[in-house]
Amino acid sequence: MAWLSKLFGVGQHARVPFKLVFARFRQLIDNNTRVLQLFTDAAEKQGGEYVFDRTYVVSVVDELFGLADKIVYDLNSIADQKHANLYALVDQLRAEAQGDLSGRPVVPRSEVCLPFDQIDESRVNLVGGKSAHLGEVMTRLQVPIPDGFAISTHAYLRVVEENGLVQPVETAIERLNRGDLSAFDGICQRLRSAKIPRDVRRAIARALSGLKTTERPLCVALRSSALGEDDEQSFAGQYRSVLQVTPEKVLDAYREVLASLYERGALEYRRARGLPAFGLMAVACMRMVDASAAGVLYTVDPNRPDSGRMLLGATRGLASRALAGGQSLSSFELSREAPHAVLHYGPASAEDRLVGRPDGGLEVVATQVDSQGVRELTDAEAARLARIGSRIERYFKQPQEIEWARDADGTLYVLQTRRLKLAAVGGPPRDLPALLQHYQVIMRACGHVACRGVASGKVYVAGADTDLDAVPPGAILVARRASPRFVRVMPRVSAILTDIGAPTGHMAALAREFRVPTIVDCGNATTCVAVGQEITVDADDGIVYAGRVGELLQHQLVEETGFEDAVEYRLLRRLLRRVTPLQLLDPASEDFRAERCRTLHDVVRFAHEKAVEELIGLHSSGRVFGAESARRLDSELPLNLRVIDIGGGIDGSAQAERPGTSIKPEAIRSAPMRAMWAGLTTPGVWDTRPVGVDLSTFMASAMSPGASQRGGRNLAVVSDAYANLSLNLGYHYTMVDAYLSDDRDANHVYFRFVGGASDRERRVRRATMVREILERLDFSARQHADLVTGRLRKLPRPETVVRLESIGRLIGFTRQIDAVMHSEEEVARYVDAFLRGEYALD
């Protein structure tokens, strides 16, 4: 709070008025909410239901980063500049977004080589489309890809700079715009003989040495991964790939791939597709698969999209010759429906095959006689490829063209994946609405759509203690409360339904990131569907059907999506994958640090959590003042509670009275404090009768660190929409921090409970009871020994009020309950008693 220290006193430890700190906090919360609303609005635009233009995209960029600036400033004002490094990160992200808008992408001057397990779509400017997709399917879907790394576009720019090619490339582009391609011939020649900068050479050497060792000599494939390749456009066959490269030849192969960026075929392709001539080339360097078979999988028959079939092409050895048109592929036709039966097989005549030589390079060898007439893949292997293809298709929400290879031990690898263009099949069937009438509707107009799409599967209901590893692939996950922890299963579930949640919440953002059709805030999804029931979720129209609605699934797959090729759509898509992915999921994790923020979503998530943490800590730090205006709350409860009003928390007439006078509970106007007080004063909750204790409990209380401070400071800091309640009730400490308004995105309740008078076992039992009650109240709760913390966010006002009233009752109910926690069985008994409204301790 350096700015406040300068304003209110001299020196590092000057005290500042809490009212001003809270004003910063409230502004941060409002701006955070607006950012999440912009994320949600922009994601909806991607669905093709709304028309927008470039002006909209520019306005979103401007508003998002303007809000981010304010959020970072307010956080550092509250946190005394602890997180000043966020300023530079926001500036870097802004520059990258502005580069996308201008058509000249900004490449972070950072890593030269990135392993695939550190790559996702948010890093596409650094690694190109092909590598970004491979990183996504590896890290998000756990699909096997060969061990490897991406040599970044930053490395390419280093080569261009080192070899004095910046101006020649600019000049060649100017000539190209006048129709002259010849200038690029010299650029290609210079790239093929280019000097590779020392830092790039060293980084590539280190990355190669880090590849896993095997019995075979190391050979790699260097595949082009230009910006836009296998992403917005396929660039199929336009850039160079070099296979079976030994380590000492990697730099030569790297130069060949870089040079292909400006070869005439690629330039003509870019011009025909209306793309700028300027390009950026990253290179995917992957361990070479010793392929016993390889080929391509189309997850939909591109010429008959409504046939319900996948097409799989296969050959023995490597498939590069066949994919280039120099060899035929055997064809498998598989059902799109699990278990993906092989419906037809058409063998190709192949007397030879392409293989890699151990010393580098490729050669054609004769096919062994004993393998002729034997299928390249077993039916089980073909089905396994189909399952992989279905997962990738479901994730990208588009039919996919997938290159694959099987190594000598039978492992199937994905080498690349890109969107598959389909033949036009016309619009939706005219009778689709009539066909849908034949299906039973379980829920209609339910909740809020967090991520559009259609999916079917069997219901899996997840509770607070569910082992998410048990969720089967293809399931429809149904849960009481939306939770970011479901990110663990998003790669393999078909859809998500929750009773409670917000479309601007973190789980909703993750669902959009993983492209999982999701409806939140359904109210009663957990009671409307049965475990194991097959259902179809239409997250376009907010409908849940009983059974599998094949017509709807087929329509979604083949419907016309020409809008995705529009310039504005591509621009918005690039922006969203830069700003919306969320890496920081768990505030309790050691990785929840400013240095780990990679996207704008990370920044605002981090800022929100840390601002709340700072606000809570300020009450006990002595760094703020305002206690001189505290009023004692005059009530029948023996709380000795003092109330500080920082704006609209106490009735105006009571506030006008002389400072130091007491107030009645009726004078409280703070919405969250009124709700908690209603719970605290529920008849029977605050039992003032003494609870019998045994000798061990008496001795534990006598030795407790708080034994000499019974009835310590109890304080409530309140405003019209905010309350921070700190209670020291004998031997345990309870803190509640709550914000309650009509804006559900701003609402939160943070709860902390620790300590007790009895021995450790009983304190832990009470803490376990508190945690279980919190979870039943839809809190995300954690427990460590006798410490319990709970978080609840983004519930509508009425539901938040109900939870705050329950928190009030919980405070009274748990005051002395540790003394009667004689066994583990008492935990469940008192949890059930509390939820039934039975508060007597016996």
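Residues numbered from 1 in each chain as written. Predicted model: local features only at pLDDT ≥ 70, side-chain atom pairs only at ≥ 80, totals over all residues. Heavy atoms only, no water.

1. Points about the overall build of the protein
(1) Moving on: Along the protein, the regular secondary structure elements total 25 helices and 31 strands.
(2) Moving on: Counting the 842 residues in the protein, one finds 57% classified as buried.
(3) Moving on: Considering only contacts within the protein whose residues lie at least 6 apart along the sequence, 66% involve residues at least 24 apart. (Helix = DSSP H or I, 4+ residues; strand = E, 2+ residues; numbered from the N terminus. Buried < 20%, exposed > 50% of the residue type's maximum accessible area, 1.4 Å probe, protein only. Contact = heavy atoms within 4.5 Å.)

2. Quick notes on the pairing of strand β6 (residues 281-287)
Side chains on a regular strand alternate between the two faces of the sheet.
(1) Moving on: The buried fraction of β6 amounts to 7 of the 7 residues, a majority that puts the element mostly inside the structure.
(2) Moving on: Side-chain alternation along β6 places Met281, Val283, Cys285 and Arg287 on one buried face and Ala282, Ala284 and Met286 on a second face that is also buried.
(3) Moving on: Two strands pair when backbone bridges link them, and strand β3 (residues 148-151) and β6 are joined in this way by 4 bridges, in the antiparallel orientation. Bridge pairing links phenylalanine 149 to cysteine 285 in β6. (Pairing = 2+ DSSP bridges.)

3. What to know about helix α6 (residues 153-162)
(1) Moving on: Where burial is concerned, most of α6 is hidden: 8 out of the 10 residues are buried.
(2) Moving on: For α6, the set of buried residues is Thr153, His154, Ala155, Tyr156, Leu157, Arg158, Val159 and Val160.
(3) Moving on: Capping the start of α6, serine 152 holds a side-chain oxygen 3.3 Å from the backbone nitrogen of histidine 154, two or three residues further along.
(4) Moving on: Directly beyond the C-terminal end of α6, a positive phi value near 60 degrees is found at glycine 164. (Polar contact = N/O pair within 3.5 Å; in protein donor to acceptor, adjacent residues only side chain to side chain.)

4. With respect to the sheet that holds strand β22 (residues 543-546)
(1) Moving on: Reading across the sheet, the 8 strands line up as β15-β22-β21-β17-β18-β19-β20-β16 and stay open at both edges, with mixed pairing between neighbours. Among the strands making up the open sheet, the edge pair consists of β15 (441-444) and β16 (448-451). Within this sheet the neighbouring strands show an average axis-to-axis angle of 30 degrees, counted without direction.
(2) Moving on: Where strand β18 (residues 476-481) and strand β19 (residues 495-500) come together, 5 bridges link them in parallel fashion. Within β19, the residue paired with isoleucine 476 across the bridge is alanine 495. (Axes fitted to C-alpha atoms, helices over the stretch in contact; angles between N-to-C directions.)

5. Some thoughts on the sheet that holds strand β25 (residues 641-645)
Across a sheet, strands are paired by hydrogen bonds formed along the backbone, either parallel or antiparallel in direction.
(1) Moving on: Strands sit in the order β24-β25-β26-β27-β28-β29-β31-β30 across an open sheet of 8 strands; the sheet is mixed. The open sheet has two free edges, formed respectively by β24 (631-632) and β30 (780-784), since each of these has just one partner strand.
(2) Moving on: With 5 bridges joining them, β30 and strand β31 (residues 787-793) adopt antiparallel strand pairing. By the bridge assignment, arginine 782 is partnered in β31 with threonine 789.
(3) Moving on: This element, helix α21 (residues 671-680), spans β25, β26 (714-718), β27 (722-729) and β28 (732-739) of the sheet and lies at about 40 degrees to β27.

6. Re the nonpolar core
(1) Moving on: Grouped together as the largest cluster of nonpolar side chains are 109 residues, with contacts concentrated most on Leu222, Tyr254 and Tyr262.
(2) Moving on: Counting residues per element, this core draws most heavily on helix α13 (residues 379-396), at 7 residues.
(3) Moving on: In this view, leucine 222 contacts Arg240, Ser241, Val242, Val245, Val250, Ala253, Tyr254, Val257, Val283, Ala284 and Cys285; residues no more than four positions away in its chain are not counted.
(4) Moving on: Ranked by size, the runner-up nonpolar core spans 57 residues in total, among them Val61, Phe65, Leu93 and Phe592. (Core = buried A, V, L, I, M, F, W, Y, C linked by side-chain atoms within 4.5 Å.)

7. So, the pattern of salt bridges
(1) Moving on: Per the stated rule, a full pass over the model turns up 49 salt bridges.
(2) Moving on: Across the pair glutamate 826 and arginine 829 runs a salt bridge whose closest N-O atoms are separated by 2.9 Å. Remark: arginine 829 and glutamate 826 occur in helix α25 (residues 825-836); sequence separation between them is 3 residues, near one turn of the helix.
(3) Moving on: Owing to a relative accessible area of 14%, glutamate 826 belongs among the buried residues under this scheme.
(4) Moving on: Looking at arginine 829, the relative accessible area reads 37%, which means it is partly exposed. (Salt bridge = Lys/Arg side-chain N within 4 Å of Asp/Glu carboxyl O.)

8. Considering unusual backbone geometry
(1) Moving on: A cis geometry characterises the amide bond from alanine 338 onward to proline 339, with omega recorded as 10 degrees.
(2) Moving on: Residue placement: proline 339 occurs in the loop between β9 (330-335) and β10 (342-346).
(3) Moving on: Located in the positive-phi region is aspartate 80, a residue other than glycine, with phi close to 55 degrees.
(4) Moving on: Note that aspartate 80 resides in the loop between α3 (54-78) and α4 (85-102).
(5) Moving on: Its relative accessible area of 34% is what places aspartate 80 among the partly exposed residues.
(6) Moving on: A positive phi angle, close to 50 degrees, is found at asparagine 640, a residue other than glycine.
(7) Moving on: As for its position among the elements, asparagine 640 is in the loop between β24 and β25.

9. Details of the state of the cysteines
A covalent bond between the sulfur atoms of two cysteines is what we call a disulfide.
(1) Moving on: Applying the stated criterion to the full structure yields 0 disulfides.
(2) Moving on: Sulfur of cysteine 528: no disulfide; nearest cysteine sulfur belongs to cysteine 446 and is 8.5 Å away. (Disulfide = S-S within 2.5 Å.)

10. Thoughts on a positive patch on the surface
(1) Moving on: Taken together, the side chains of Arg198, Arg201, Arg202 and Arg206 make up a positively charged region of the molecular surface.
(2) Moving on: Within the secondary structure, arginine 201 is located in helix α9 (residues 198-209). (Patch = residues over 30% accessible without salt bridge, like charges linked within 9 Å, V, L, I, M, F, W, Y side chains within 5 Å. Areas by Shrake-Rupley, 256 points an atom, 1.4 Å probe, with all protein chains shown as cover. Lys, Arg positive; Asp, Glu negative; His and termini not counted. Charge placed at Lys NZ, Arg CZ, Asp CG, Glu CD.)

11. Side note on the side chain of threonine 734
(1) Moving on: Along the chain, threonine 734 falls in strand β28.
(2) Moving on: Of the residues examined, threonine 734 reaches a relative accessible area of 1% and is grouped as buried.
(3) Moving on: In this structure, threonine 734 is in contact with Leu725, Ser726, Leu727, Phe751, Arg752, Phe753 and Ile811, ignoring residues within four places of it in sequence.

12. Considering the side chain of aspartate 778
(1) Moving on: When you line up the elements, aspartate 778 lands in the loop between α23 (760-776) and β30.
(2) Moving on: With a relative accessible area of 2%, aspartate 778 lands in the buried category.
(3) Moving on: Reaching out from aspartate 778, the side chain makes a polar contact with the side chain of arginine 480 at a distance of 3.3 Å.
(4) Moving on: Excluding its chain neighbours within four sequence positions, the residues that come into contact with aspartate 778 are Arg480, Arg481, Ile500, Leu792 and Arg803.

13. A look at the confidence of the model for the protein
(1) Moving on: The predicted model of the protein has a mean per-residue pLDDT of 83, with 86% of residues at 70 or higher.
(2) Moving on: Contacts of residues 1-12 to residues separated by more than four positions or lying in other chains number 25 contacts, the stretch itself having pLDDT below 50.
(3) Moving on: In the predicted structure, residues 695-712 sits below a pLDDT of 50 and forms 26 contacts with residues beyond four places in sequence or in another chain. (pLDDT = per-residue confidence, 0-100.)

14. Focus on the environment of tyrosine 750
(1) Moving on: For tyrosine 750, the location among the structural elements is in strand β29 (residues 748-755).
(2) Moving on: Here the alpha-carbon distance between tyrosine 750 and valine 612, two residues 138 residues apart in the chain, equals 8.8 Å.

15. Some thoughts on the environment of arginine 321
(1) Moving on: Topologically, arginine 321 is positioned in helix α12 (residues 320-323).
(2) Moving on: A C-alpha to C-alpha distance of 9.9 Å links arginine 321 and valine 364, two positions 43 residues apart in sequence.

16. Quick look at the packing of aromatic side chains
(1) Moving on: Taken as a whole and judged by the stated rule, the model has 12 aromatic pairs.
(2) Moving on: Considering the side-chain rings of phenylalanine 22 and phenylalanine 25, the 6.0 Å spacing of their centres and the 35 degrees angle between planes classify their relative orientation as tilted. Here the residue phenylalanine 22 and the residue phenylalanine 25 both occupy positions in helix α2 (residues 18-45), the gap between them amounting to 3 residues, near one helical turn. One exposure class covers both phenylalanine 22 and phenylalanine 25, and it is buried.
(3) Moving on: Three or more aromatic residues link up through ring pairs in this structure, and these residues are Phe813, Tyr830, Phe834 and Tyr839.
(4) Moving on: Lying across the ring of tyrosine 395, arginine 515 places its NZ or CZ 4.8 Å from the centre. (Phe/Tyr/Trp six-rings, centres within 6.5 Å; stacked < 30°, edge-to-face > 60°. Lys NZ or Arg CZ within 6 Å of the ring centre and 35° of its normal.)

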